[in-house]
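# A look at the structure
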Amino acid sequence: MADKSANAMWGGRFASGPDAIMEAINASIGFDQRLAPQDIAGSRAHAAMLAATGILTDRDAEAIREGLLTVLSEIEAGTFRFSTALEDIHMNVESRLGELVGEPAKRLHTARSRNDQVAVDFRLWVRDQCDAAEESLKALQRALLAQAGQGADWVMPGFTHLQSAQPVTWGHHMMAYVEMLGRDRGRFADARRRMNESPLGSAALAGTSFPIDREMTARELGFDRPMANSLDAVSDRDFALEFLGAASICAMHLSRLAEELVIWSTAQFRFVRLSDRFSTGSSIMPQKRNPDAAELVRAKTGRVFGASVALLTIMKGLPLAYSKDMQEDKEQVFDAADSLMLALAATTGMMEDLRPDPEKMRAAAGAGFATATDLADWLVRAKGMPFREAHHVTGSLVAKAEGKGVDLSDLTLNEMREVHDGITEDVFAVLGVDNSVRSRTSYGGTSPERVREQIARWTELLG
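All values derive from a computational prediction rather than experimental measurement.

## Re the overall build of the chain
- When helices and strands are tallied, the chain shows 20 helices and six strands.
- At 31 Å, the chain has a C-alpha radius of gyration far larger than the 23 Å of a compact globule built from 463 residues.
- Looking at the 463 residues of the chain, the share that counts as buried comes to 49%.
- Here the analysis covers contacts within the chain between residues at least 6 apart in sequence; of these, 73% occur between residues at least 24 apart.
- Carbon and sulfur atoms make up 52% of the accessible area of the chain, which totals about 21700 Å².
- On the chain, the mean spot of the 52 positive side-chain charges and the mean spot of the 65 negative ones are 1 Å from each other.

## Looking at the environment of Pro 358
- Its place among the elements puts Pro 358 in helix 15 (residues 358-365).
- A relative accessible area of 25% places Pro 358 in the partly exposed class.
- Along the backbone, Pro 358 and Val 155 are 203 residues apart, and their C-alpha atoms lie at a distance of 7.2 Å.
- With near-sequence residues (within four places) excluded, Pro 358 lies in contact with Trp 154 and Val 155.

## As for the side chain of Thr 394
- Structurally, Thr 394 is set in helix 17 (residues 387-404).
- If near-sequence neighbours (up to four positions away) are discounted, Thr 394 is found in contact with Ala 372, Leu 375, Ala 376 and Leu 379.

## With respect to helix 17
- The terminal C-alpha atoms of helix 17, which comprises 18 residues, lie 26 Å apart, in line with the 26 Å expected from a rise of 1.5 Å per residue.
- When we look at burial in helix 17, the residues that qualify are Ala 390, Val 393, Thr 394, Leu 397, Val 398 and Ala 401. Looking down the long axis of helix 17, one finds its buried residues gathered within 145 degrees of arc, a one-sided arrangement. Those residues of helix 17 that are exposed and angled more than 90 degrees off the buried face are Arg 388, His 392, Glu 402 and Gly 403.
- Directly after helix 17, the chain includes Gly 405, whose backbone phi takes a positive value near 75 degrees.

## Description of the pattern of salt bridges
- Under the defined criterion, the tally for this structure stands at 33 salt bridges.
- Across the pair Arg 298 and Glu 259 runs a salt bridge, and its minimum N-O distance is 2.4 Å. Pair noted here: Arg 298 is in helix 13 (residues 292-315) and Glu 259 is in helix 12 (residues 238-264), with a separation of 39 residues, a long-range link.
- For Lys 330, the salt bridge goes to Asp 329, with nearest N and O atoms at 2.8 Å.
- Given a relative accessible area of 4%, Lys 330 falls into the buried group.
- According to the relative accessible area criterion, Asp 329 is buried, its value standing at 0%.
- Here the residues in one salt-bridge network are Asp 190, Arg 193, Arg 194 and Glu 242, joined through shared partners.

## Topic: the pairing of strand 2 (residues 163-169)
- Across six bridges, the pairing between strand 1 (residues 155-160) and strand 2 is antiparallel. Paired with Gly 158 across the bridge in strand 2 is Gln 166.
- What sits between the antiparallel neighbours strand 1 and strand 2 is a turn of two residues, in which His 161 has the positive phi angle 60 degrees.

## Quick look at the state of the cysteines
- Per the stated rule, a full pass over the model turns up zero disulfides.
- The cysteine Cys 130 is free of any disulfide, with Cys 250 supplying the nearest cysteine sulfur at 11 Å.
- For Cys 250, a relative accessible area of 0% translates into the label buried.

## Things to note about the packing of helix 4 (residues 36-52) against helix 5 (residues 58-77)
- Where helix 4 meets helix 5, the closest approach of the two axes is 9 Å, and the angle between their N-to-C directions is 170 degrees. Our classification of the angle between helix 4 and helix 5 gives roughly antiparallel. From helix 4, Ala 36, Pro 37, Ile 40, Ser 43, Arg 44, Ala 47 and Ala 51 reach across to helix 5, where they touch Asp 58, Ala 61, Ile 64, Arg 65, Leu 68, Leu 69, Val 71, Leu 72 and Ile 75.
- When grouped by side-chain class, the residues that make up the contact of helix 4 with helix 5 number 12 nonpolar, one polar and three charged.

## Some details on the packing of helix 8 (residues 114-150) against helix 12
- Following both chains from N to C, one finds helix 8 and helix 12 inclined at 20 degrees, their axes separated by 10 Å at the closest point. By the angle between their directions, the pair helix 8 and helix 12 is classed as roughly parallel. Relative to helix 12, the crossing made by helix 8 is left-handed. Between helix 8 and helix 12, the residues in contact are Ala 119, Phe 122, Arg 123, Val 126, Gln 129, Cys 130, Leu 137, Leu 140 and Leu 144 and Phe 239, Ala 240, Phe 243, Cys 250, Leu 254 and Leu 257, respectively.

## Some details on the confidence of the model for the chain
- Considering every residue of the chain, the mean pLDDT works out to 91; 94% of them sit at 70 or more.
- Here residues 1-6 scores under 50 on pLDDT; set against residues more than four positions off or in separate chains, the count is nine contacts.

## Details of the packing of aromatic side chains
- Summed over the entire model, instances satisfying the criterion amount to eight aromatic pairs.
- Between the aromatic rings of Phe 122 and Phe 334, the centroid separation amounts to 6.3 Å while the plane-to-plane angle is 85 degrees, which identifies the pairing as edge-to-face. Here Phe 122, found in helix 8, pairs with Phe 334, found in helix 14 (residues 329-353); they are 212 residues apart in sequence, far enough to count as distant.
- Among the residues examined, Phe 122 registers a relative accessible area of 0% and is labelled buried.
- For Phe 334, a relative accessible area of 4% translates into the label buried.
- Centroid distance Trp 170 to Trp 264: 5.5 Å. Interplanar angle 50 degrees. Geometry classified as tilted.

## A look at empty space enclosed by the protein
- Applying the stated criterion across every chain, the model contains one cavity of 30 Å³ or more.
- One number sums up the size of the largest cavity: a volume of about 30 Å³.
- If you list the elements that add at least two residues to the lining of the largest cavity, you get helix 4 and helix 6 (89-101).
- When residues in the lining of the largest cavity are grouped by element, the largest group, three residues, is from helix 6.
- Counted by class, the lining of the largest cavity contains three nonpolar, three polar and three charged residues.

Quick notes on the rules
- Residues numbered from 1 in each chain as written.
- Predicted model: local features only at pLDDT ≥ 70, side-chain atom pairs only at ≥ 80, totals over all residues.
- Heavy atoms only, no water.
- Helix = DSSP H or I, 4+ residues; strand = E, 2+ residues; numbered from the N terminus.
- Rg over C-alpha atoms; globule rule 2.2 N^0.38 Å.
- Buried < 20%, exposed > 50% of the residue type's maximum accessible area, 1.4 Å probe, protein only.
- Contact = heavy atoms within 4.5 Å.
- Areas by Shrake-Rupley, 256 points an atom, 1.4 Å probe, with all protein chains shown as cover.
- Lys, Arg positive; Asp, Glu negative; His and termini not counted.
- Charge placed at Lys NZ, Arg CZ, Asp CG, Glu CD.
- Expected span 1.5 Å × (residues − 1).
- Arc of directions from axis to C-beta.
- Salt bridge = Lys/Arg side-chain N within 4 Å of Asp/Glu carboxyl O.
- Pairing = 2+ DSSP bridges.
- Disulfide = S-S within 2.5 Å.
- Axes fitted to C-alpha atoms, helices over the stretch in contact; angles between N-to-C directions.
- Parallel < 35°, antiparallel > 145°, perpendicular 65-115°, else oblique.
- Nonpolar A, V, L, I, M, F, W, Y, C, P; charged D, E, K, R; others polar.
- Left-handed = near helix turned anticlockwise from the far one by under 90°.
- pLDDT = per-residue confidence, 0-100.
- Phe/Tyr/Trp six-rings, centres within 6.5 Å; stacked < 30°, edge-to-face > 60°.
- 1 Å grid on protein atoms, 1.4 Å probe; cavity = no way out; pocket = protein on both sides within 12 Å on 5 of 7 lines; lining within 4 Å.
- Points joined across faces, edges and corners; volume = space filled by probe spheres on them.

This is the structure:
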């Protein structure tokens, strides 16, 4: 049986409450109760503005302010009773406010609608998530910087197609993720700037005839300005979509790092060891150390991607302005934000605890003829050979070494001259993996010198 007290909130239009099915599909309090702090902040700003413009008396505004603080304290203490019959967080708060302060609570909704109310609540919540994501990304960047600093000279294989390509340094590899996460921070910051406009005061869709001050409420809530079109203000969810877009790219970056941690921690690689805090054992195989945290970070990406697609699908056919479809926006964003923040925290913990094995990485760095490109570059520099010809000569030398079962640096000078008689003893100076990484001194290159420059730059940027 529906709670008949809900009908009073609607007035006389509906003589009887919705049946159980309608109540279940219509109610959002099961998930939008997490908007309570934002809803109360928006109501406090609205009440203060109504008093400042003479629409409310100071006495009523003060009663509303004190009542809202009481409601917030009850919610934070876990003593607040949420009702599905009251549908959503807005009606739950307003109903309890009425119990606390009486008649003034009925005046709070003057010059606003649930449409602009939910729009401001949700925008405030997503804005908070952008800030939280940026702080978490900074923490992960610092963990990666620490790894890069200790291993700026450690040589490891660089891969293309997951095949050994050229030697790089551990520090260089770590700094690649620092750069990716820097772009992620930029995306969240950019989305935050664009969403930082207030929809409050747009009312249902057309604005209001009351002499409200939208600049005041925007300032009070930390927005840069009010939104300029009331239709757009109540129907826009671009801010949530942009957050999900930034979250999706960020989750993809975390998944790439997680995938490498999974690969690197296998017995076939053994480049790294994850700590016990982020590994689990097998129920049947006692020798196993499973990189479960990394695998779950990798999997969380699917939830974030799914939320983005879901919200795009919800919004794609909606005419202006508000439609009830938009109630389905929040669960997707809540889940994506929770998944992203958990993945960031887990990845930061893994990187802080990670123990690389420089010797294993160094041994692998010289395998697979990883310095072949250095040999080709030397033929161009030292012998003035066109690169395509140098590429062909180097390929022939690789084939010779492969046929003998040795590395390029293990071929004798005479064996090399059988392929090209212009090769001299100087060639051996470029064939070692240390020589290879030291020679990559172009801006953005893998040489320890350049890596340390980038570490210093990012250390300063992060403060």
